[in-house]
Amino acid sequence: MSIISSKRSHLYKFYKTTFSDLNMDILPLIFHKLSFMDLFQCKQVCSSWYSCLKFVKAHPCLMLPNQDDNHYDDVDDDTNHHHQRFFSLSYKKGAEEFYKFEDEIFDQHENLFLGSSNGWLVVLNKPKKGSFILNPFTKKKLHIPNVGTSLTCTIISKAIVVSSKKKQGNDNDTNWVVVIYGYVQQKLACCKVGGDDDCSWNDLKDSAYPNMSFCDILSHKNHLFGLSNSNHVHIWDFSHNGSNVPTKLIPLVPKSQPCFDLLKSEKFKKESYFCQSYLVESMSGELLLVTRVVGCIVNSDGELLEEADLYDGLICPYSTVAICVHKMKMKMKRETEKLEFEWENVESLGCDEAVFVGRSESMCCSTEFVPGYQGNSIYFSDDNWDMMDIDYSFGGHDNGVYSMETKTVVKVEPWFDQIQAEKIYPPPLWILPKLV
């Protein structure tokens, strides 16, 4: 009887085991292989799974407006513009393609999404000119000083969130919003999230470089890295939580400009293309300079054309045709015992790494064990928002994947089908989901 009783007790314990009893050391390994849509469901299973998701880094997804079959919203249709779609690259055929949110906070007529960073969206409410940051997955919303009334120019080309990690004695991390604004000269400004009533936007200046213009910004470990149009890297320290203005550090000036052998080809004629540059931190912690070459007039075969090549009715919008990558190489100069750096050419990112660039903060992620993500590739979204109204027939369309192996723009199914449209408004944004 004792043996039978023991077996019954063992079976009882086995069948009473729940999902919350799974080993917490194994769960992150499983979660890392899931899409953000699966993770979003996982957090609702139990409190232990919810807590575990705090240590899981989701993979980037694409935020798209809710559009009809023509990929363009009817501005007079009030039934669609409260939706926002999030598309995962690890989508499998037969499953739900998009995770769709319906909320007034996603009203495309009311709100302009300026960019994404660290799981946050930086949002400008157009009628009221109010500004806030929003986590679309938790619906957490924090107000910031009005962009439209605080800055001298409301042309904002990029906006990110810099997190200053908490120090001893502080209860919470301090978040800052940093923007690139301006037209002729693109300057930097920052503000503290949830600060005092006197907290406002402050320009990030350097008297040694009064005319410096910036093209990209990147946050990393309490610091902001600003990339100038001359490929200099300027750094600010945000770790002093008590101050409304970060500390400017010594800028990094390259010994020489990066070499773009690709642009020496005959097909790249002057004024037939323009370049956009991004700062990215690689998986190994290296600082990468990613330069995106966009052809002004490009046909369906990816060939650069001139205006003389166009005939009546032919529409050839701008398109990305090439991407070059360099990494920061530091060395000590013996004569002066000072650090010098130069931009060194990079031919490959590695088979398990992918870079994501666009209007959001650039990022690099591992593609190992994650279906749907292609390694040694650069995923790009259209960030030429100032060209949205040039022609009604295109805009927001320049989205795709660039292979570092073949040095071409490639198709990656099924994601490629979701962003091939002549007009997408608002243009897509990359976002790294922060689920808890």
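Computed from a prediction, not measured in an experiment: that's the story for all the values here.

Enquirer: Which residues make up the overall build of the protein chain, and what values go with them?
Expert: In terms of regular secondary structure, the protein chain is built from six helices and 25 strands. By residue count, 52% of the 436 residues in the protein chain fall in the buried class. Of the contacts formed within the protein chain by residues at least 6 apart in sequence, a portion of 57% connects residues at least 24 apart. Here the protein chain displays about 22700 Å² of accessible surface, and carbon together with sulfur accounts for 50% of that area.

Enquirer: With reference to specific residues and values, describe the pairing of strand β17 (residues 287–295).
Expert: Of all nine residues making up β17, nine are buried, and the element is well covered by its neighbours. What you see with β17 is no split at all: Leu287, Leu289, Thr291, Val293 and Gly295 on one side and Leu288, Val290, Arg292 and Val294 on the other are buried throughout. Where strand β16 (residues 273–281) meets β17, nine bridges bridge the pair, whose relative direction is antiparallel. The residue of β17 that forms the bridge with valine 280 is leucine 288. From the end of β16 to the start of β17, which pair antiparallel, there are five residues, and glycine 285 there has a positive phi angle of about 90 degrees.

Enquirer: Could you give an account of unusual backbone geometry, naming the residues involved and the relevant values?
Expert: Following tyrosine 425, the chain continues to proline 426 via a peptide bond in cis, the omega torsion being -10 degrees. Positionally, proline 426 belongs in the loop between α6 (415–418) and β25 (429–431). For lysine 139, which is not a glycine, the phi torsion comes out positive at approximately 65 degrees. For lysine 139, a relative accessible area of 38% puts it in the partly exposed group.

Enquirer: Quick rundown of the packing of aromatic side chains? Include the residues and the values.
Expert: Inspection of every chain in the model, using the stated rule, returns eleven aromatic pairs. Seen in terms of ring centroids, tyrosine 318 and phenylalanine 394 are 6.1 Å apart; in terms of plane orientation they differ by 75 degrees. Their pairing is edge-to-face. With a gap of 76 residues between them, tyrosine 318 in the loop between β17 and β18 (319–333) and phenylalanine 394 in the loop between β22 (377–380) and β23 (400–403) connect regions that are remote in the sequence. For the pair shown, tyrosine 318 and phenylalanine 394 are each scored as buried. Ring plane angle 15 degrees and centroid distance 4.9 Å describe the contact between phenylalanine 356 and tyrosine 379, whose orientation is recorded as stacked. One end of the pair, phenylalanine 356, is in strand β20 (residues 353–357); the other, tyrosine 379, is in strand β22, with 23 residues separating them in the sequence. In this structure, phenylalanine 356 and tyrosine 379 share a single accessibility class: buried. Grouping aromatic residues by their ring pairs yields a cluster made of Phe356, Tyr373, Tyr379 and Trp430. One Lys or Arg, arginine 359, reaches over the ring of tryptophan 385 and ends 3.8 Å from the middle of that ring.

Enquirer: Any details on the nonpolar core? Residues and values, ideally.
Expert: Counting residues in each nonpolar core, the largest one holds 30 residues, and the members touching the most others are Phe31, Phe86 and Phe137. Secondary structure elements with two or more residues in this core: α2 (27–31), α3 (36–42), α4 (47–52), β1 (61–65), β3 (98–102), β5 (120–125), β6 (130–135) and β25. Setting aside residues up to four positions removed in sequence, phenylalanine 137 forms contacts with Phe36, Phe40, Lys43, Cys61, Phe86, Phe101, Ile431, Pro433, Lys434 and Leu435. The next biggest cluster of nonpolar side chains, apart from the first, holds 22 residues, and it includes Leu263, Phe268, Val346 and Val357.

Enquirer: Give me the lowdown on the side chain of aspartate 382, citing residues and values where you can.
Expert: For aspartate 382, the location among the structural elements is in the loop between β22 and β23. This buried residue, aspartate 382, is left without a salt bridge; arginine 292 holds the nearest opposite charge, at 5.2 Å. Within polar-contact distance, the side chain of aspartate 382 engages the side chain of tyrosine 318 at 2.8 Å. A distance of 2.9 Å separates a polar atom in the side chain of aspartate 382 from the backbone nitrogen of asparagine 384. Residues contacting aspartate 382, with those up to four places away along its chain left out, are Arg292, Tyr318, Gly395, Gly396, His397, Asp398, Asn399, Pro427 and Pro428.

Enquirer: A description of the sheet that holds strand β15 (residues 247–248) should follow, citing residues and the corresponding values.
Expert: Strand order in the open sheet made by the four strands is β12-β13-β14-β15, with antiparallel pairing throughout. Every other strand in the sheet has two partners, leaving β12 (214–220) and β15 as the edge strands with one partner each. The pairing of β12 with strand β13 (residues 223–228) spans six bridges and is classified as antiparallel. Bridging from a neighbouring strand, isoleucine 217 pairs with glycine 226 of β13.

Enquirer: Account for the sheet that holds β5, with residues named and values stated.
Expert: The strand order β4-β5-β6-β7 describes an open sheet built from four strands, whose pairing is antiparallel. The two strands at the open ends of the sheet, each matched to only one other strand, are β4 (111–117) and β7 (140–144). Across the sheet, the mean angle from the axis of one strand to that of its neighbour is 25 degrees, orientation sign disregarded. Strand direction decides the pairing type here: β4 and β5, joined by six bridges, are antiparallel. Among the inter-strand pairings, asparagine 111 is bridged to a residue of β5, identified as asparagine 125.

Enquirer: Outline the pattern of salt bridges, listing residues and values.
Expert: For the structure shown, the criterion picks out ten salt bridges. In this structure, lysine 158 engages aspartate 216 in a salt bridge whose closest nitrogen and oxygen atoms are separated by 2.5 Å. In this pair, lysine 158 sits in strand β8 (residues 156–164) while aspartate 216 sits in strand β12, placing the two residues 58 residues apart along the sequence. When its relative accessible area of 3% is taken as the criterion, lysine 158 is described as buried. Aspartate 216 sits in the buried class, given a relative accessible area of 0%. For aspartate 206, the salt bridge identified is with lysine 248, shortest N-O distance 2.4 Å. One end of the pair, aspartate 206, is in the loop between β11 (202–203) and β12; the other, lysine 248, is in strand β15, and 42 residues separate them in sequence. Classification of aspartate 206 by relative accessible area gives buried; the value is 19%. A residue is classified by how much of its surface remains accessible, and lysine 248, at 24% relative accessible area, is partly exposed. Through salt bridges with shared partners, a single ionic network connects Glu286, Lys327, Lys329 and Glu344.

Scoring rules and cut-offs
Residues numbered from 1 in each chain as written. Predicted model: local features only at pLDDT ≥ 70, side-chain atom pairs only at ≥ 80, totals over all residues. Heavy atoms only, no water. Helix = DSSP H or I, 4+ residues; strand = E, 2+ residues; numbered from the N terminus. Buried < 20%, exposed > 50% of the residue type's maximum accessible area, 1.4 Å probe, protein only. Contact = heavy atoms within 4.5 Å. Areas by Shrake-Rupley, 256 points an atom, 1.4 Å probe, with all protein chains shown as cover. Pairing = 2+ DSSP bridges. Phe/Tyr/Trp six-rings, centres within 6.5 Å; stacked < 30°, edge-to-face > 60°. Lys NZ or Arg CZ within 6 Å of the ring centre and 35° of its normal. Core = buried A, V, L, I, M, F, W, Y, C linked by side-chain atoms within 4.5 Å. Lys, Arg positive; Asp, Glu negative; His and termini not counted. Salt bridge = Lys/Arg side-chain N within 4 Å of Asp/Glu carboxyl O. Polar contact = N/O pair within 3.5 Å; in protein donor to acceptor, adjacent residues only side chain to side chain. Axes fitted to C-alpha atoms, helices over the stretch in contact; angles between N-to-C directions.

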